[in-house]
Amino acid sequence: MGLLSDPVRRRALARLVLRLNAPLCVLSYVAGIAWFLALAFPPLTQRTYMSENAMGSTMVEEQFAGGDRARGLARDFAAHRRKSGALPVAWLERTMRSVGLEVYTQSFSRRLPFPDETHERYMVSGTNVYGILRAPRAASTESLVLTVPCGPDSTNSQAVGLLLALAAHFRGQIYWAKDIIFLVTEQDLLGTEAWLEAYHDVNVTGMQSSPLQGRAGAIQAAVALELSSDVVTSLDVAVEGLNGQLPNLDLLNLFQTFCQKGGLLCTLQGKLQPQDWTSVDGPLQGLQTLLLMVLQQASGRPHGPHGLFLRYRVEALTIRGINSFRQYKYDLVAVGKALEGAFRKLNHLLERLHQSYFFYLLPALARFVSIGLYMPAAGFLLLVLGLKALELWMQLHEAGVGPEEPRGASGPSPPVLPAQSVGLASLVAPLLISQAMGLALYILPVLGQHVATQHFPVAEAEAVVLTLLAIYAAGLALPHSTQRVVSAQAPDRGWMALKLVALIYLALQLACITLTNFSLGFLLAATMVPAAALTTPCGPRPLYAALLVLTSPAATLLGSLFLWRELQEAPLSLAEGWQLFLAALAQGVLEHHTYGALLFPLLALGLYPCWLLFWNVLFWK
């Protein structure tokens, strides 16, 4: 306490902090980036292992042999679908009843906030069909789900055929202790969301749907299946869910174990697993896979129907069959055996999956990075904001503590005069105006789409995107006019007080985001922290302005798209990247209003107003 109460010692501490602040910030930022890049290298990456005792062994005998039946059902389903032009509901009901399931249907409809040009739909309606296999050895208190999405432009007939063949095979077994729901949804994720909301008796997205006539027990786990051909060369596993949620790691380990048992090739992010982790090539390949997962998770999009199950505390995966030019090919029997083994092990669960990790990163299917090992990377980046805030706070509260103060001055030191204070009330104007711009960015694009289409020759989706860009650009001109309110009281310290508030605001937002979605928080911190730390009204203003623009939330999204396609070995041209960027803006707004994705409101209501505060600081007069 003496160190802080003694003015002389306090000034000495302040001088030390100010002198070492810049090198500490650089060191902390470099340490954060280096820590993240090292996550794909041992010993930070560890081998996966099974934590749930009930699923610790694959000693089950898979007996599925209905490959021919699955192919025949797939052909019939495709024929009836081409004939009707929609999901053949009557044929599905008839086929499910013939294998001994309780069959129910659910109709749903949803008017989107604006037309979805990617899938060419606006007024969406459809019917879900599901059959329940009642457990012969227990009451209907718990259940498992096998689901197949059928969109208007998807070719998923083989998955429907395999689902029906598995239902017929499971019906002949007596060891089931959980109900099994075989679900075929229409309109892709919209049908899945409608069924989940009706099953759990909630309505979080404004979906209009009929109530479910039949229910099973509480859903313990779910698997979504997507197949586009009768043979596959590999199975790709998707784990990223809505708003960056991930399933319990034991579920991923379980499926990968049965793929290894059956000799199936399993991939993650479309990448093969590195075989040699002792050399540099293996971890470098793992780093590419890890970066792809980070970009996918940061988007907040559900990368498969399983992503919507995670919201309801249901552990789920999406399995996609890939038919490429690899030498080894597998038929539907091999895929069916892997699914049968996984469901039989899930049937042994006595409680929900909880013993393994819910927060992790995956450089490969057999390797993972736990939350305790990847969080320091974000912590180092956020430390930069804390150091810069401490520096500004000391400059505001101490008079004459700069490192240029001469040493060795003889005689008693003069009394320290308190620094001129800046009232917090004077900062309300820039904060309110910046937040108002964020609120306009969130509300006006959807509300004003009809006005824009009446006055300009654009479609509704184009009007939403153009309004977004117009408000985003207009915000660059508005906030720094508020500096007059602050500069009238303390012209030399107004920008320092505003930047201090902006640094604390940004640090709190990034810390909260990182706790729930590390990938999104780290990407935003890696891009926004350097510009936030360097921005001052003194110095090379054009350089700082270019840095701020290049690290803004919109520029981060654009750069992430280019990096994502580069890692997928499908690079984009500038024109293609811009078109993909516009489509991503429209999809982000649409998925927020349709499924409840939080990326758009986080950027519009939180990070964009905070970024405008730094823009205000830069153009301080």
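Definitions and cut-offs
- Residues numbered from 1 in each chain as written.
- Predicted model: local features only at pLDDT ≥ 70, side-chain atom pairs only at ≥ 80, totals over all residues.
- Heavy atoms only, no water.
- Helix = DSSP H or I, 4+ residues; strand = E, 2+ residues; numbered from the N terminus.
- Rg over C-alpha atoms; globule rule 2.2 N^0.38 Å.
- Buried < 20%, exposed > 50% of the residue type's maximum accessible area, 1.4 Å probe, protein only.
- Contact = heavy atoms within 4.5 Å.
- Areas by Shrake-Rupley, 256 points an atom, 1.4 Å probe, with all protein chains shown as cover.
- Lys, Arg positive; Asp, Glu negative; His and termini not counted.
- Charge placed at Lys NZ, Arg CZ, Asp CG, Glu CD.
- Patch = residues over 30% accessible without salt bridge, like charges linked within 9 Å, V, L, I, M, F, W, Y side chains within 5 Å.
- Salt bridge = Lys/Arg side-chain N within 4 Å of Asp/Glu carboxyl O.
- Axes fitted to C-alpha atoms, helices over the stretch in contact; angles between N-to-C directions.
- Parallel < 35°, antiparallel > 145°, perpendicular 65-115°, else oblique.
- Left-handed = near helix turned anticlockwise from the far one by under 90°.
- Nonpolar A, V, L, I, M, F, W, Y, C, P; charged D, E, K, R; others polar.
- Pairing = 2+ DSSP bridges.
- Expected span 1.5 Å × (residues − 1).
- Phe/Tyr/Trp six-rings, centres within 6.5 Å; stacked < 30°, edge-to-face > 60°.
- Lys NZ or Arg CZ within 6 Å of the ring centre and 35° of its normal.
- UniProt positions renumbered as here; feature names shortened; annotations may be inferred.

**Topic: the overall build of the chain**
Inference 1: Each helix and strand counted, the chain has 21 helices and 12 strands in total.
Inference 2: Against the 2.2 N^0.38 benchmark of 25 Å for 621 residues, the chain shows a C-alpha radius of gyration of 28 Å, consistent with a compact globule.
Inference 3: With the principal axes as the frame, the chain shows a C-alpha extent of 100 × 60 × 45 Å.
Inference 4: Classification of the 621 residues of the chain by burial places 54% in the buried group.
Inference 5: Counting contacts in the chain only where the partners sit at least 6 residues apart, residues at least 24 apart contribute 81% of the total.
Inference 6: Taken as a whole, the chain presents about 26500 Å² of accessible surface, with 62% of it coming from carbon and sulfur.
Inference 7: Measuring between centres, the 43 positive side-chain charges of the chain sit 4 Å from its 41 negative side-chain charges.

**Things to note about a negative patch on the surface**
Inference 1: Negative charge collects at one region of the surface, where Glu117, Glu120, Asp153 and Glu462 lie side by side.
Inference 2: The exposure class of Glu462 is partly exposed, given its relative accessible area of 38%.

**Brief notes about the packing of helix 8 (residues 281–299) against helix 19 (residues 553–567)**
Packed helices, taken two at a time, are described by their axes: the angle between them and the distance between them.
Inference 1: Contact geometry of helix 8 with helix 19 gives a least axis separation of 10 Å together with a crossing angle of 140°. Compared by their axis directions, helix 8 and helix 19 come out oblique. Where helix 8 crosses over helix 19, the handedness of that crossing is left-handed. Residues Gln288, Leu291, Leu292, Leu295 and Gln296 of helix 8 pack against Ser560, Leu563, Trp564 and Leu567 of helix 19.
Inference 2: Each residue belonging to the contact of helix 8 with helix 19 can be placed in one class, and the counts come to 6 nonpolar, 3 polar and no charged.

**Considerations on the sheet that holds strand 12 (residues 367–370)**
Inference 1: Ordered in space as 1-12-11, the 3 strands form an open sheet in which the pairing is antiparallel. Every interior strand has two partners, whereas the edge strands, strand 1 (46–47) and strand 11 (360–364), have only one.
Inference 2: Relative to strand 12, strand 1 runs antiparallel, the two sharing 2 bridges. Across the sheet, residue Arg47 finds its bridge partner in strand 12, namely Arg367.
Inference 3: Packed onto the sheet, helix 8 meets strand 11 and strand 12 and runs at close to 140° relative to strand 11.

**A closer look at the sheet that holds strand 8 (residues 234–238)**
The strands making up a sheet associate through backbone hydrogen bonding, with each pair oriented either parallel or antiparallel.
Inference 1: The 9 strands are arranged 6-2-3-5-4-7-10-8-9 in an open sheet whose pairing can be described as mixed. This sheet does not close on itself; its edge strands, each paired only once, are strand 6 (208–209) and strand 9 (266–268).
Inference 2: Each of strand 3 (121–133), strand 4 (142–150), strand 5 (179–186) and strand 7 (218–226) is contacted by helix 5 (residues 157–171), which is oriented at about 160° to strand 5, the strand it contacts most.

**Here we look at unusual backbone geometry**
Comment: phi is negative for the bulk of residues other than glycine, and the bulk of peptide bonds are trans.
Inference 1: Pro43 follows Pro42 through a cis peptide bond whose omega is 10°.
Inference 2: Following the sequence through the fold, Pro43 ends up in the loop between helix 2 (7–37) and strand 1.
Inference 3: The phi angle at Gln187 is positive, at roughly 60°, despite the residue not being glycine.
Inference 4: Relative to the helices and strands, Gln187 is located in the loop between strand 5 and helix 6 (189–199).

**Thoughts on helix 8**
Inference 1: The terminal C-alpha atoms of helix 8, which comprises 19 residues, lie 28 Å apart, in line with the 27 Å expected from a rise of 1.5 Å per residue.
Inference 2: Trailing helix 8 by a residue or two, Gly300 shows a phi angle of about 75°, which is positive.

**Considering the packing of aromatic side chains**
Inference 1: Considering all chains together, one arrives at 21 aromatic pairs under this definition.
Inference 2: The interplanar angle of 50° and the centroid separation of 6.0 Å between the aromatic rings of Phe77 and Trp91 together place this pair among those described as tilted. One end of the pair, Phe77, is in helix 3 (residues 67–84); the other, Trp91, is in helix 4 (residues 89–98), and 14 residues separate them in sequence.
Inference 3: For Phe77, a relative accessible area of 0% gives the class buried.
Inference 4: On the basis of relative accessible area, Trp91 is assigned to the buried category, the value being 7%.
Inference 5: The side chain of Arg344 reaches across the aromatic face of Tyr175, ending 4.2 Å from its centre.

**Comments concerning the UniProt feature "transmembrane region" (unreviewed entry) in the chain**
Inference 1: Under the present numbering, the feature "transmembrane region" (unreviewed entry) in UniProt falls on residues 20–41, 357–385, 422–443, 463–479, 500–523, 543–564 and 596–619.
Inference 2: Within the segment residues 20–41, helix and strand shares are 82% and 0% respectively, and the terminal C-alpha atoms sit 31 Å apart.
Inference 3: Between the C-alpha atoms that bound residues 596–619 the distance is 36 Å, and the span itself is 83% helix and 0% strand.

**Re the environment of Ser154**
Inference 1: Mapped onto the elements, Ser154 comes out in the loop between strand 4 and helix 5.
Inference 2: With 107 residues separating them in the primary sequence, Ser154 and Arg47 have C-alpha atoms 36 Å apart.
Inference 3: Beyond its immediate sequence surroundings of up to four residues, Ser154 is in contact with Arg81, Pro149 and Asp188.

**Thoughts on the pattern of salt bridges**
Inference 1: Per the stated rule, a full pass over the model turns up 12 salt bridges.
Inference 2: Measuring nitrogen to oxygen at the nearest pair gives 3.1 Å for the salt bridge that ties Glu102 to Arg134. Here Glu102 is found in strand 2 (residues 102–116), whereas its partner Arg134 is found in the loop between strand 3 and strand 4, with 32 residues between them in sequence.
Inference 3: Residue classification places Glu102 among the partly exposed residues on the basis of a relative accessible area of 30%.
Inference 4: With a shortest N-O distance of 3.8 Å, Lys271 and Glu569 are connected by a salt bridge. Separated by 298 residues along the polypeptide, Lys271 in the loop between strand 9 and helix 8 and Glu569 in the loop between helix 19 and helix 20 (574–595) bring together distant segments of the chain.
Inference 5: Here Lys271 falls in the buried class, since its relative accessible area comes to 15%.
Inference 6: Given a relative accessible area of 62%, Glu569 falls into the exposed group.
Inference 7: Connected through salt bridges with shared partners, the residues Glu102, Arg134 and Asp179 form a single ionic network.

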